[in-house]
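Notes for the structure review
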Amino acid sequence: MCAKKVTQKPTEVKTTGHSWDGIEEYDNPMPRWWVWVFYATIVWGIGYTIAYPAWPLISGATPGLLGASTRADVVAEIQRFDDANGPIKARLVQADMTTVSQDAELMSFAQNAGAAVFRTNCTTCHGSGANGIAGKGYPSLLDDDWLWGGDIENIQTTIAHGIRNTTHPEARWSQMPAFGADGILDRPQIAEVVEYVLMKSGQDHDATLAAAGETVYLDNCAACHMEDGSGDIAQGAPNLFDAIWLYGGSREAVTTSVVNARFGVMPGWNDKLTEDEIRAVALYVHSRGGGQ
Amino acid sequence: MFSRARPPSKALNSKDRIFPVTTPNAAEPPSLYAAREPIFPRRVYGKFRTLKWWLLALMLGIYYITPWIRWDRGPNLPDQAVLLDLAHRRFFFFMIEIWPHEFYFVAGLLVMAGLGLFLFTSAAGRVWCGYACPQTVWTDLFILVERWIEGDRNARIRLHRQNWNAEKIRKRAVKWTVWFLIAMATGGAWVFYFTDAPTLLVDLFAGQASPVAYLTILILTGTTFAFGGFAREQICIYACPWPRIQAAMMDEDTLTIAYRDWRGEPRGKLHKNEIPAGQGDCIDCMACVNVCPMGIDIRDGQQLACITCGLCIDACNDTMDKIGRPRDLIGYLALTDETAERAGVPPKSVWSHVFRPRTILYTVLWSGVGIGLVVALFLRSPIEVNVTPVRNPTFVTLSDGTIRNAYDVRLRNKQGSDTVFTLSVPFDSGLALELEGLSGPSVTVSANQTLSQRVYLNAAPGTPAATTDRSDIRMWFEERGTTNRVHHDTVFNGKDQ
């Protein structure tokens, strides 16, 4: 406080008594209720730091008397949703998968739950749009071409156990011979059968070679891929005469497939996902447009 | 204009209104707070008071009665005329039904409310504060109750000063009870806007209503009781931002309440029922101060605390009539009038104050938004459709080479009955339409629901749509059994060769 003498008219608002270089401050005080509220917030603030986690320590913070924890809240909240979803999950586990779509409530639940499971677990390989990666061996789940079957039961089995998955005894398994690398076919034969497949799938081809390739195809390929090229879902043999190519349909890609064979692996999920999650994601995949 | 950051003291007589002066370096440091000085507004009669009573009755009537108006909308929809149905995310206003995606109507109404405030403030100052603000209306109501129970100003001052005895306890208890009942009715009426009112009323008394309803009533009861009964003018002075903002809307043509000091000053008392020579018309009767709900003296000039309620005009006119002087020593006046009147020139008419470029601009903007909203309301389609092409992936090749595009279609059925919508694309587009999970091109949307449906369009291999990168297509939606038909333009992505 400065000790400077201040002159003041009697009707003016009094000053606070401070003076800095002749500048003074009017004393326009806050209303009493406001000040009380301000003090109350201070008291509240002290109480709050005692009751709730507040003061940072070296590892963590003071826990607070009420034991409040947002982590525990999240756990409780997740538990609450799990409990709330318990009955419908039980219904899903017991449901006949082929008729779930007739139960609007159950189907809606499965769609939403399945979408969440898919986003978390499947998008790494199959893409967030379930479209796979064309030509790289990650199949699109949206089309009508299924290596191991596109009906709901087959999709469920594939998800549960995986494909060529050594850790699951029940996983689907097959192995295409490496016709070139293992010396089963020689180079001209490979060239012929490639032209034949290109011809049958409606692409540009060498007609002479393709005609010669038919015999090679029937002798070596038709056992799994069938004479009409439609493949065999029992052993994951793809349809070779359609427009969809898991590893690319160009001359080079088909030649590579014949020479070295392909061995696409998918993990099994029944040890990571619960039964209801597998069923939900199977129904989700089945309803993406390609389900059979 | 605002001479002080704080209104002058509102004490009981003029002597007390002078601020005490302390020596700056007194041993006792100045207090950090100031106690509120109670205000005891006197009863007043006059045209502004009458107008305010009518407005009070009208606005409280609207507030309390509106939720009880019924409006038949059919079997599955609520029959409450004004209902903010938060649970189902609908807003009903008589024949209008607003869905969440049409929230811009509410935004538009808020814009209109804002522009309306600008308009009224620039034309007539703080008319909102003085006549229509809930704080003013409920405070008026609470003061009315106070006067019924405790008597007029002098009786109330006496009661305020006297010690707590049986009379004071009784009067205070009755007053606070009535205030509390009004406050509860106020908070209670609010919740009726959000749920069916008759059902909720029964539920409230049966203890069956939702905790949110009780909590809302509790909070609004508390705030009404505290703001109307005790905080009163402090809300306007300390809490409300609007008095600060509206200074920007006012100019020298804005009508505000002013004291004609060139007529009134020098003020002085009557002598033998006559105004002594050389004295102005103001006889310092304090009527304008005594009736003021804000506890200010309008003769100090226009000030922050003045809500322009007009009661001082009534009070002063009453006095002027009694002493036989012309009315309107205090009156609605613009700054330009003041200059003109001082110079002896007749002031501009009210209308020439009100109609000026600024207010005309506000009016044009306000009506522009209003007309826009009404037009948008009438152009709303009976079928609400939204088509979103699925872009991940943009297309899917099927095994026979067919190119398939997927679309997420949202169909809104705003009617009270189930409706069947039939989807189609023009035949010459060469596209085939499929609905996910359904066999035909039709889908049923339940009453008052929104349905999400995935739609596929297939282009056979080699067709123009299949081989063009992007082609524009138009999807049609027909409501079965009516002539309602809308289309939505979207694109089909083909495999660019």
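The structure we're discussing is the one just above.
On a predicted model such as this, the values are computed, not experimentally measured, just so you know. (Residues numbered from 1 in each chain as written. Chains lettered and ligands numbered in written order. Predicted model: local features only at pLDDT ≥ 70, side-chain atom pairs only at ≥ 80, totals over all residues. Heavy atoms only, no water.)

Considerations on the overall build of chain A
Our working definition: Every helix listed is a DSSP run of H or I at least four residues long, and every strand listed is a run of E at least two residues long, numbered separately from the N terminus. Residue contacts follow a heavy-atom distance rule, with two residues in contact if any of their heavy atoms lie within 4.5 Å. Only the protein chains shown count as cover for residues, and all accessible areas are computed by the Shrake-Rupley method using a 1.4 Å probe.
Along chain A, the regular secondary structure elements total 10 helices and three strands. Restricting the contact set of chain A to residue pairs at least 6 apart, pairs at least 24 apart contribute 54%. Approximately 16800 Å² of chain A is accessible, and the part contributed by carbon and sulfur atoms is 58%.

Here's the deal with the environment of serine 417 of chain B
Residues and elements named next belong to chain B. Quick note on the threshold: The buried label applies to any residue whose accessible area, calculated with a 1.4 Å probe on protein chains only, is under 20% of its type's maximum; exposed applies above 50%, and partly exposed to all values in between.
Relative to the assigned elements, serine 417 resides in the loop between strand 9 (403-412) and strand 10 (419-424). Assessed through its relative accessible area of 40%, serine 417 is described here as partly exposed. A C-alpha to C-alpha distance of 9.8 Å links serine 417 and glutamine 449, two positions 32 residues apart in sequence.

With respect to the packing of helix 1 (residues 47-65) of chain B against helix 4 (residues 134-150) of chain B
All names here are of chain B. Condition: Every axis in this analysis is a line fitted to C-alpha atoms, fitted for helices over the stretch in contact. Angles between the N-to-C directions lie between 0 and 180 degrees. Under this scheme an angle from 65 to 115 degrees is roughly perpendicular, one under 35 degrees roughly parallel, and one over 145 degrees roughly antiparallel; angles in between are oblique.
Direction vectors running N to C along helix 1 and helix 4 enclose 110°, while the axes themselves pass 10 Å from each other. Judged by the angle between their axes, helix 1 and helix 4 are roughly perpendicular. Across from Arg49, Lys52, Trp53, Leu56, Met59, Leu60, Tyr63 and Tyr64 in helix 1, the residues of helix 4 making contact are Thr136, Val137, Trp138, Asp140, Leu141, Leu144 and Arg147.

Remarks on the state of the cysteines
Where two cysteines share a covalent bond between their sulfur atoms, that bond is called a disulfide. All names here are of chain B. For clarity, the threshold we go by: In this description, a disulfide is simply a cysteine sulfur pair whose atoms lie within 2.5 Å.
This structure, assessed with the given rule, holds zero disulfides over all chains. Free cysteine cysteine 288: the closest other cysteine sulfur is in cysteine 316, separated by 6.3 Å. Just so you know, cysteine 292 is unpaired, no disulfide at all, and the nearest cysteine sulfur is the one on cysteine 309, 5.9 Å from it.

Thoughts on unusual backbone geometry
Here the bond from glutamate 265 of chain B into proline 266 of chain B is cis, since omega is -10°, no more than 30 degrees from zero. Along the polypeptide, proline 266 of chain B turns up in the loop between helix 11 (261-264) and helix 12 (287-290). The step from asparagine 392 of chain B to proline 393 of chain B runs through a cis peptide bond, and the omega angle for that step is 0°. Inspection of the secondary structure puts proline 393 of chain B in the loop between strand 7 (384-389) and strand 8 (396-397). A positive phi angle, near 65°, is found at alanine 261 of chain A, a position not held by glycine. Residue position: alanine 261 of chain A is located in the loop between helix 9 (251-260) and helix 10 (275-286). Even without a glycine there, the phi angle at aspartate 284 of chain B is positive, about 55°. Judged by relative accessible area, which is 21%, aspartate 284 of chain B ranks as partly exposed.

Topic: the environment of isoleucine 275 of chain B
Residues and elements named next belong to chain B. Here isoleucine 275 lies in the loop between helix 11 and helix 12. It is 9.9 Å that separates the C-alpha atoms of isoleucine 275 and arginine 325, two residues lying 50 residues apart in sequence. Other than its neighbours up to four places away in sequence, isoleucine 275 contacts Leu270, Gly280, Asp281, Ile283, Ile323 and Arg325.

Some details on the sheet that holds strand 4 (residues 96-98) of chain B
All names here are of chain B. Convention followed: For two strands to count as paired, DSSP must find a minimum of two bridges between them.
An order of 2-3-4 is seen for the three strands of this open sheet, with the pairing classed as antiparallel. Each having just a single partner strand, strand 2 (82-85) and strand 4 make up the two edges of the open sheet. Averaged over neighbouring strand pairs, the angle between their axes works out to 10° when direction is ignored. Across four bridges, strand 2 lies against strand 3 (residues 90-93) in antiparallel orientation. Its bridge partner lying in strand 3, valine 82 is registered against phenylalanine 93.

A short note on a nonpolar patch on the surface
Threshold: Excluding any residue in a salt bridge, patches collect residues exceeding 30% relative accessible area, merging like charges within 9 Å and nonpolar Val, Leu, Ile, Met, Phe, Trp and Tyr side chains within 5 Å. For this document, the term salt bridge refers to a Lys or Arg side-chain nitrogen within 4 Å of an Asp or Glu carboxyl oxygen.
A cluster of nonpolar side chains, Met30, Trp33, Trp34, Trp36, Val37, Phe38, Tyr39, Ile42, Ile46, Ile50 and Leu65 of chain A together with Tyr238 of chain B, forms an exposed patch at the surface whose accessible area comes to about 1200 Å². With nine residues, the top contributor of residues to the nonpolar patch is helix 1 (residues 32-51) of chain A. Relative to the helices and strands, leucine 65 of chain A resides in the loop between helix 1 and helix 2 (70-94).

Quick word on helix 9 of chain A
All names here are of chain A. This is how the line gets drawn: To be clear, the arc concerns the directions from the helix axis to the C-beta atoms.
For helix 9, the full list of buried residues reads Ala253, Val254, Ser257 and Val258. The arc that holds every buried residue of helix 9, seen down its axis, measures 135°, which confines them to one face. Those residues of helix 9 hidden inside the fold are in contact with helix 6 (187-200).

Concerning the sheet that holds strand 15 (residues 485-493) of chain B
Residue and element names in this part refer to chain B. Strand order across the open sheet formed by four strands is 12-10-14-15, with antiparallel pairing between neighbours. Since the sheet does not close on itself, it has two edges, and those belong to strand 12 (442-445) and strand 15, each with one partner. Pairs of neighbouring strands in the sheet enclose a mean axial angle of 30°, with direction left out of account. As defined by bridge partners, strand 10 adjoins strand 14 (residues 470-479) across four bridges and the pair is classed as antiparallel. Of the residues in strand 14, the one forming a bridge with phenylalanine 421 is glutamate 479.

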